[in-house]
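What the coordinates show
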Amino acid sequence: MRTRCRDDFLCRSQTFLLQILLGCFAGLTPPSAVSHSRSILACHLELIFNGMLSALVGLLVPHMVLGRGGQLLLEVSANMGTWAQGFAFAHLAITGNGTPLGPLMNASHPPKSISTSSFSHIMLMLCAPSIIIALITAVICLLRGSAKDQPKHA
């Protein structure tokens, strides 16, 4: 049986608030404290913007019709996608390595080395599909919620 999700938004807000807070701390990191300064800037921006995306999804959850599978898919994919990008860029900033997924960043601020087998490369490969899955799930569940709210014509 599917029910309208009634989770309390305030209880669910800790994840995105933590993400935005970590993004702010990453932005306060001096460029001289890390091996690749452009990556710490990317980490700062991605954590803040992805935290706002998580907040938006959290605000929309009460308007969605989610089964248990849909709720699990939404939460896992949204959290994995939004956190993966920030962690990947933090790892790149600390190690000083680059990734082939950031050719413009690598060209303007060359890293020590470029690796396709590192933790950060794998995390960057996971983030886009995860966020896309979360957004598609959210749209489908919102449409199902709005269809249930439509009055039936006699």
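Refer to the structure presented above.
Please read all numbers here as calculations on a predicted model, not as lab measurements. (Residues numbered from 1 in each chain as written. Predicted model: local features only at pLDDT ≥ 70, side-chain atom pairs only at ≥ 80, totals over all residues. Heavy atoms only, no water.)

Regarding its fold elements, the protein chain presents 6 helices and 2 strands. The order of α-helices and β-strands along the protein chain, N terminus first, is β-α-α-α-β-α-α-α. Taking all 154 residues of the protein chain together, 40% fall into the buried category. Put simply, of all contacts in the protein chain between residues at least 6 apart along the chain, 75% involve residues at least 24 apart. Surface accessibility of the protein chain: about 9,000 Å² in total, with carbon and sulfur atoms responsible for 69%. (Helix = DSSP H or I, 4+ residues; strand = E, 2+ residues; numbered from the N terminus. Buried < 20%, exposed > 50% of the residue type's maximum accessible area, 1.4 Å probe, protein only. Contact = heavy atoms within 4.5 Å. Areas by Shrake-Rupley, 256 points an atom, 1.4 Å probe, with all protein chains shown as cover.)

Tracing the sequence through the fold places S39 in helix 3 (residues 37-60). S39 has contacts with F89, L92, A93 and M105, leaving out every residue within four places of it along the chain.

This paragraph deals with the side chain of S54. As for its placement among the helices and strands, S54 is situated in helix 3. Side chain to side chain, S54 and Q19 meet in a polar contact 3.5 Å long. Sequence-distant contacts of S54, defined by excluding residues within four places in its chain, comprise F16, Q19 and T82. (Polar contact = N/O pair within 3.5 Å; in protein donor to acceptor, adjacent residues only side chain to side chain.)

With that settled, consider the nonpolar core. Grouped together as the largest cluster of nonpolar side chains are 16 residues, with contacts concentrated most on I40, C43, F89 and L124. Elements that contribute at least two residues to this core include exactly helix 3, helix 4 (68-95) and helix 6 (119-149). For this core, the leading source of residues is helix 4, giving 6 residues. Those residues in contact with L124 that lie beyond four places of it in its chain are Q85, A88, F89, L92, T99 and L101. (Core = buried A, V, L, I, M, F, W, Y, C linked by side-chain atoms within 4.5 Å.)

Next up on the list: the packing of helix 2 (residues 14-28) against helix 4. With their axes 11 Å apart at the nearest point, helix 2 and helix 4 run at an angle of 5 degrees to one another. In terms of orientation, helix 2 and helix 4 fall into the roughly parallel class. Residues T15, L18, Q19 and L22 of helix 2 pack against N79, T82 and W83 of helix 4. For the contact of helix 2 with helix 4, the residue count by class is 3 nonpolar, 4 polar and no charged. (Axes fitted to C-alpha atoms, helices over the stretch in contact; angles between N-to-C directions. Parallel < 35°, antiparallel > 145°, perpendicular 65-115°, else oblique. Nonpolar A, V, L, I, M, F, W, Y, C, P; charged D, E, K, R; others polar.)

Once that is clear, we can look at a nonpolar patch on the surface. On the surface, L18, L21, L22, F25 and L28 cluster together into a nonpolar patch covering about 490 Å² of accessible area. Here L22 is to be found in helix 2. Overall, L22 belongs to the partly exposed group, its relative accessible area being 33%. (Patch = residues over 30% accessible without salt bridge, like charges linked within 9 Å, V, L, I, M, F, W, Y side chains within 5 Å. Salt bridge = Lys/Arg side-chain N within 4 Å of Asp/Glu carboxyl O.)

Turning our eyes to something else, we now look at the environment of G96. Inspection of the secondary structure puts G96 in the loop between helix 4 and helix 5 (103-108). On the basis of relative accessibility, which here comes to 1%, the residue G96 falls in the buried class. A C-alpha to C-alpha distance of 5.7 Å links G96 and P111, two positions 15 residues apart in sequence. Ignoring sequence-local partners within four residues, the contact set of G96 consists of S35, H36, P111, K112 and S113.

Moving on, we come to the packing of helix 3 against helix 4. Relative to each other, helix 3 and helix 4 sit at 165 degrees, their axes nearing to 7 Å. As summarised for this structure, helix 3 and helix 4 are arranged roughly antiparallel, according to the angle between their axes. The chirality of how helix 3 crosses helix 4 is left-handed. Across the interface between the two elements, S39, I40, A42, C43, E46, L47, N50, L53, S54 and V57 of helix 3 pack against L74, G81, T82, W83, Q85, G86, F89, A90, L92 and A93 of helix 4. Residue classes in the contact of helix 3 with helix 4 are distributed as 12 nonpolar, 7 polar and 1 charged. (Left-handed = near helix turned anticlockwise from the far one by under 90°.)

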